[in-house]
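Topology and contacts: notes
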Amino acid sequence: MNWDNNSIKNAIHEYVDGNLSETETDRLWAELLGNPDALDYLQTLATLQKMGKDGKFKEEEKSQSNILHLLGHQTRKVAGQYKQYLAAASVLILGMAILFQVFTSVDPTAELSPIAAIEYDIERSADERTVFENHLQRAVSLSTAGDLDSAMEELNTASEMELTEEQSIELLMVKAAIYYNTGLFSSAAENFEKISNKEVVDRLNLEKSLWYLANTQIHLEKLDEARANIDKVIEMDGAFSRVATQKREKL
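A brief structural summary. (Residues numbered from 1 in each chain as written. Predicted model: local features only at pLDDT ≥ 70, side-chain atom pairs only at ≥ 80, totals over all residues. Heavy atoms only, no water.)

1. Observations regarding the overall build of the protein
Put simply, the test is: For helices the rule is a DSSP run of H or I covering at least 4 residues; for strands it is a run of E covering at least 2, with both sets numbered from the N terminus onward. We call two residues in contact whenever any of their non-hydrogen atoms come within 4.5 Å of each other. Surface accessibility in these figures is a Shrake-Rupley result with a 1.4 Å probe; residues are shielded only by whichever protein chains are displayed.
Counting secondary structure elements, the protein contains 14 helices and zero strands. Starting at the N terminus and ending at the C terminus, the protein contains elements arranged as α-α-α-α-α-α-α-α-α-α-α-α-α-α. Restricting the contact set of the protein to residue pairs at least 6 apart, pairs at least 24 apart contribute 62%. Of the roughly 13600 Å² of accessible surface on the protein, a fraction of 46% belongs to carbon and sulfur atoms.

Here you go:
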């Protein structure tokens, strides 16, 4: 599929609505992982949906048309399912500098900057998650709530289990992402390096670890090392190659 801003936007809405197949979801996430603006859009939409389900917004008819216009979603599903909280979220959306308009007009010549945050979601329902996955989910939730110590305790408990190589990599990825998002870039880099240096690692996780490591090294002002890892990502010609190429041009 050839992704453009409109197709990404539509796919995000379908994903949040639960309408994508497993294959379509995998393709979307492959694109999202290399597109921080689209990830921000997804996170905001999912947050608004949760707030609506939790009853944190009241319907404000006067604002409905403005918010629906700002989000640019023209299907009846949004007008019906989301109107109660999207309408009331007008101040939030406007306060975010009209997120979707920013997303659809990304300046490819913008100043070099690393990705703002790494999204990591355990995409399974509570009933389907294993004990190991529950530890990861609690760690992510605790870190989001600002309790880094408890988050690390969850990951340490998970590390003591008998893990497959795939689970070991997943644990390292979650730990590194948590460190990155809390500004502990040296610790994040250490864990991303552990993944990239493993003898057995699947192609996507290797690409992700190199891409995230490069962004971490930009934070640490280790630009030569960042360039080298970005070059590796570009050579892999995978999900991150396009955004890596754009980043490389600014380094």
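Continuing now.
2. Considering helix α11 (residues 185-196)
Spacing of three or four residues puts side chains on the same side of an α-helix, whose turn is 3.6 residues. Note the following rule: Given a helix with a known number of residues, its expected span is that number minus one, times 1.5 Å. Relative accessible area decides the class of each residue, using a 1.4 Å probe on protein chains only: under 20% of the type maximum gives buried, over 50% gives exposed, and in between gives partly exposed.
End to end, α11 covers 16 Å across 12 residues, agreeing with the expected 16 Å (1.5 Å per residue, within 8%). Here α11 has its buried residues at F185, A188, A189, N191, F192, I195 and S196.

3. Side note on empty space enclosed by the protein
Defined as follows: Within this scheme a cavity is a closed region of a 1 Å grid, computed over the protein atoms alone, that accommodates a 1.4 Å probe without allowing it to escape, whereas a pocket is open but has protein on both sides within 12 Å along at least five of seven lines; lining residues each have an atom within 4 Å of a point. Grid points are joined across faces, edges and corners, and a volume is the space filled by probe spheres set on the points. Here the term charged refers only to Asp, Glu, Lys and Arg, the term nonpolar to Ala, Val, Leu, Ile, Met, Phe, Trp, Tyr, Cys and Pro, and the term polar to all other amino acids, Gly among them.
For the structure on display, the rule yields one cavity of 30 Å³ or more. In this structure, the largest cavity spans a volume of roughly 40 Å³. Lining the largest cavity are L33, P36, L39, I115, A117, I118, E119 and Y212. Split by residue class, the lining of the largest cavity holds seven nonpolar, no polar and one charged.

4. Description of the nonpolar core
Taken as a class, soluble globular proteins show a tendency for nonpolar side chains to be buried jointly. We count it as follows: Nonpolar cores are built from buried Ala, Val, Leu, Ile, Met, Phe, Trp, Tyr and Cys residues. Side-chain atoms within 4.5 Å join them into one set.
Grouped together as the largest cluster of nonpolar side chains are 52 residues, with contacts concentrated most on I12, L32, F192, W211 and Y212. Counting residues per element, this core draws most heavily on helix α10 (residues 165-181), which supplies 10 residues. Once you skip the residues sitting within four places of it in the chain, F192 turns out to touch I118, M173, A176, A177, S209, Y212, L213 and T216.

5. Some details on the environment of E119
Looking at the secondary structure, you find E119 in the loop between α7 (99-103) and α8 (131-144). As a C-alpha pair, E119 and Q43 span 76 residues in sequence and 8.6 Å in three-dimensional space. When near neighbours in sequence (up to four residues on either side) are disregarded, E119 contacts L39 and Q43.

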